[in-house]
Amino acid sequence: MKTYFSRRQVLSYSAAAIASTGFNTQAQSPTKIIFGFTAVTDFASIFVGCEEGFFKKRGLDVEPKFIPLNPSIPAAIQSDSLHIGGPTASVYLQAIDGGLDHVVVAGGGMTDKSLTGVGLVARAGSGIRTAQDCIGKKIGVPGFGAYLHVTFRAWLKINKVDPAKVNFVETSFPQHADLIRGGSIDAVVTGDPFMGRILSSGAGYVASYYTTFLPDGMPTILYTARRDWATKNAASVKAFQEGVIEAANFIKKPANNTKVREHIGKYIKLPPEILNTMQISPPGPVSVEKQLTYWVDMMNDQKMLKASPTVANLLFK
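The structure presented is a predicted model; accordingly, all values stated were derived computationally and were not measured.

Cut-offs applied
- Residues numbered from 1 in each chain as written.
- Predicted model: local features only at pLDDT ≥ 70, side-chain atom pairs only at ≥ 80, totals over all residues.
- Heavy atoms only, no water.
- Helix = DSSP H or I, 4+ residues; strand = E, 2+ residues; numbered from the N terminus.
- Rg over C-alpha atoms; globule rule 2.2 N^0.38 Å.
- Buried < 20%, exposed > 50% of the residue type's maximum accessible area, 1.4 Å probe, protein only.
- Areas by Shrake-Rupley, 256 points an atom, 1.4 Å probe, with all protein chains shown as cover.
- Lys, Arg positive; Asp, Glu negative; His and termini not counted.
- Charge placed at Lys NZ, Arg CZ, Asp CG, Glu CD.
- Phe/Tyr/Trp six-rings, centres within 6.5 Å; stacked < 30°, edge-to-face > 60°.
- Pairing = 2+ DSSP bridges.
- Axes fitted to C-alpha atoms, helices over the stretch in contact; angles between N-to-C directions.
- Contact = heavy atoms within 4.5 Å.
- Parallel < 35°, antiparallel > 145°, perpendicular 65-115°, else oblique.
- Nonpolar A, V, L, I, M, F, W, Y, C, P; charged D, E, K, R; others polar.

J.: Quick question: what am I supposed to make of the overall build of the chain here?
T.: Regarding its fold elements, the chain presents 12 helices and 10 strands. Relative to the compact-globule value of 20 Å for 317 residues, the chain shows a C-alpha radius of gyration of 19 Å, a close match. Dimensions along the principal axes, computed over C-alpha positions, put the chain at roughly 55 × 45 × 35 Å. Residue burial in the chain is summarised as follows: out of 317 residues, 57% are buried. As displayed, the chain offers around 12700 Å² of accessible surface, 52% of which is attributable to carbon and sulfur atoms. Both charge centroids of the chain, one from 33 positive and one from 24 negative side chains, sit 2 Å from each other.

J.: Quick question: what am I supposed to make of the packing of aromatic side chains here?
T.: Aromatic rings in a pair are described by how distant their centres are and how their planes are angled relative to each other. In total, this model carries 19 aromatic pairs according to the counting rule given. When the centroid spacing of 6.2 Å and the interplanar angle of 15 degrees are considered together, the rings of Phe-43 and Tyr-223 count as stacked. Linking Phe-43 in the loop between β1 (32-37) and α2 (44-51) with Tyr-223 in strand β10 (residues 222-226), this pair joins segments that are 180 residues apart in sequence. For Phe-43, a relative accessible area of 0% gives the class buried. With centroids separated by 4.8 Å and ring planes inclined at 10 degrees, the aromatic side chains of Phe-47 and Tyr-267 adopt a geometry described as stacked. In this pair, Phe-47 sits in helix α2 while Tyr-267 sits in helix α10 (residues 257-268), placing the two residues 220 residues apart along the sequence. Using a relative accessible area of 0% as the deciding quantity, one classes Phe-47 as buried. What makes Tyr-267 buried here is its relative accessible area of 16%. In textbook terms, an aromatic cluster arises when at least three aromatic residues are bridged by ring pairs, as seen for Phe-35, Phe-37, Phe-43, Phe-47, Phe-55, Phe-66, Tyr-223, Phe-240 and Tyr-267.

J.: Honestly, the sheet that holds strand β5 (residues 118-123) in this entry has me stumped. Any pointers?
T.: Sheet strands pair via backbone hydrogen bonds, and the direction of the pair is either parallel or antiparallel. Spatial ordering of the open sheet is given by β7-β6-β8-β5-β9, a layout of five strands whose pairing is mixed. Every other strand in the sheet has two partners, leaving β7 (167-170) and β9 (204-208) as the edge strands with one partner each. Averaged over all pairs of adjacent strands, the angle between strand axes in this sheet comes to 35 degrees, irrespective of strand direction. In this sheet, strand β8 (residues 187-191) lies alongside β5 in antiparallel orientation, the contact comprising five bridges. Residue pairing for β8: Gly-119 is matched across the bridge by Thr-190. Packed onto the sheet, helix α5 (residues 147-158) meets β5, β6 (138-141), β7, β8 and β9 and runs at close to 170 degrees relative to β7.

J.: When you look at the packing of helix α4 (residues 89-97) against helix α12 (residues 289-301) in this model, what are you seeing that I'm missing?
T.: α12 packs onto α4 with a crossing angle of 75 degrees between their chain directions and a minimal axis gap of 10 Å. Comparing the axis directions of α4 and α12 gives the class roughly perpendicular. Between α4 and α12, the contacting residues are Ala-89, Ser-90, Leu-93 and Gln-94 on the first element and Leu-292, Trp-295, Val-296 and Met-299 on the second. Its residues placed into classes, the contact of α4 with α12 shows six nonpolar, two polar and no charged.

J.: Is there a simple way to explain α2 in this structure?
T.: Along an α-helix, a turn takes 3.6 residues, which lines up residues three or four apart on a common side. When you tally the buried positions in α2, you get six out of eight residues, the bulk of the element. Inspection of α2 places Ala-44, Ser-45, Ile-46, Phe-47, Val-48 and Gly-49 among the buried residues, and these make up the whole buried set. Elements that come into contact with the buried residues of α2 comprise β1, β2 (61-66), β4 (102-107), β10, α9 (234-252) and α10. Phi turns positive one or two residues past the end of α2, at Gly-53, with a value near 80 degrees.

J.: Would you mind going over the pairing of β9 with me for this structure?
T.: For a regular strand, side chains alternate in direction, first toward one face of the sheet and then toward the other. Within β9, four of the five residues are buried, which leaves the element mostly enclosed by the surrounding structure. One ladder, built from four bridges, connects β5 with β9; its direction is antiparallel. Note that in β9 the partner of Val-121 across the bridge is Val-206.

J.: So what exactly am I meant to see when it comes to the packing of α2 against α9 here?
T.: Two quantities define a packed helix pair, namely the angle between the helix axes and the distance between the axes. Look at α2 against α9: their axes get within 8 Å of each other, and the N-to-C directions meet at 100 degrees. When the interaxial angle is binned, α2 and α9 end up roughly perpendicular. Contacts between α2 and α9 involve Ala-44, Ser-45, Ile-46, Val-48 and Gly-49 on the former and, on the latter, Phe-240, Val-244, Ala-247, Phe-250 and Ile-251. The residue inventory of the contact of α2 with α9, partitioned by class, reads eight nonpolar, two polar and no charged.

As structure tokens, this is what we get:
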């Protein structure tokens, strides 16, 4: 299965994004930044930056807005419904491939081999244990072309399985538990807290923590903006970058663990019992060419890009 994003396809997401989130599309002050996120811990630096005042003290009013499906984020940025958003690296690169002129201004979470909060979760009784068992099965992914979809396809290829032989269904994270329980899909590629809820209910089991094949330190989420907006608001972008870096340093200190989890829970609506056990992706506030090149190579291997971008031009300076 090949996934391409034409300009028309990317822009078509905007109506759905606006309808689902109720964004105010009126012109905002340069210090007002509407930021789009999905329900994963990879956005911890944004949540911490808002709650600890790291953005506010730099003259920014950052307003996080929830987006159900990650591939909707570039279109919402393009339509000015969002000023900055957090697409996965693969979603971002497909948007660029489709003709959008967006730049990376900062980074969210990163890969780490010690993380087991992401995986292939199969329905109880499905019999799925290996990559070969996925052939012909219906598997839910939280966004076509997004991080989990692309990395899962790469894992299948590593294990000599053609991804075209798997039936992928686009499903948002909050739907995963219900779809598994209802039996309408055989498995989901998902992450905590949604993975934990499925496992605790007994409706499914972890068939593979498949992302452990990825090298450490690769960005799972990129914070991106339209190039023209970033250029016009360069001072605000710099302040945002500084706030993200300060938030990342805050997250790295073990003494702040309780506060970090509380801030995450506020935005992705997690109960305390889930918050206390879930893993948090390590923050990577600054993105570099080597990291983006890694994703470009993976996507080219899956024939998901029509042309390789000039990576250096994608990083806002």
